[in-house]
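Inside the fold
Here is how the chains run, residue by residue.
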Amino acid sequence: MTPTLQLFLVVSAALFCIGLLAALSRRYAIFILIGIEMMLTASILNFIAFWRFITEAHQHTGVMVAIFSIAIAAAEAAVGLALVISVYRHYRTTNVDQLDQLKG
């Protein structure tokens, strides 16, 4: 079975939907961050799939956008984890339903 563009798009859509469901339905901040990372992974998969199947092989725009997106995702994960650790140290919980005030 040869992978096609449609197969990659279906897998990417499934990853994005799972990530969106995880980000919207979870109560804990860590799971929300994991959902956001899954959505970013789906978008990176789309960039690579369209680069591979649509453009000429010598152009590296899809790979460059994917590398840039991975760097942005790493920075987002670092900032998100720092915020979660800070909130946990102050409130002793990562349950976002219990975080109703944000002043220190």
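Quick look at the structure, then. (Residues numbered from 1 in each chain as written. Predicted model: local features only at pLDDT ≥ 70, side-chain atom pairs only at ≥ 80, totals over all residues. Heavy atoms only, no water.)

This brings us to the packing of aromatic side chains. In total, this model carries one aromatic pair according to the counting rule given. Their ring planes at 45° and their centres at 5.8 Å tell us that Phe8 and Phe53 sit as a pair that is tilted. One end of the pair, Phe8, is in helix H1 (residues 5-25); the other, Phe53, is in helix H2 (residues 29-53), and 45 residues separate them in sequence. Between Arg26 and the ring centre of Phe31, over which it is positioned, the NZ or CZ distance is 5.5 Å. (Phe/Tyr/Trp six-rings, centres within 6.5 Å; stacked < 30°, edge-to-face > 60°. Helix = DSSP H or I, 4+ residues; strand = E, 2+ residues; numbered from the N terminus. Lys NZ or Arg CZ within 6 Å of the ring centre and 35° of its normal.)

Where H1 contacts H2, the two axes come as close as 7 Å, and the packing angle between them is 165°. Comparing the axis directions of H1 and H2 gives the class roughly antiparallel. Classified by chirality, the crossing of H2 by H1 is left-handed. (Axes fitted to C-alpha atoms, helices over the stretch in contact; angles between N-to-C directions. Parallel < 35°, antiparallel > 145°, perpendicular 65-115°, else oblique. Left-handed = near helix turned anticlockwise from the far one by under 90°.)

It is worth spelling out the packing of H2 against helix H3 (residues 61-91) at this point. Contact geometry for H2 and H3: axes closest at 9 Å, N-to-C directions at 175°. Classified by the angle their axes make, H2 and H3 are roughly antiparallel. By residue class, the composition of the contact of H2 with H3 is 17 nonpolar, four polar and two charged. (Nonpolar A, V, L, I, M, F, W, Y, C, P; charged D, E, K, R; others polar.)

This next bit is on the side chain of Thr93. Within the fold, Thr93 resides in the segment after H3. Among the polar contacts listed, one links the side chain of Thr93 to the backbone nitrogen of Asn95, at a separation of 3.1 Å. Not counting residues within four places of it along the chain, the set of residues in contact with Thr93 comprises Val87, Tyr88, Gln98 and Leu99. (Polar contact = N/O pair within 3.5 Å; in protein donor to acceptor, adjacent residues only side chain to side chain. Contact = heavy atoms within 4.5 Å.)

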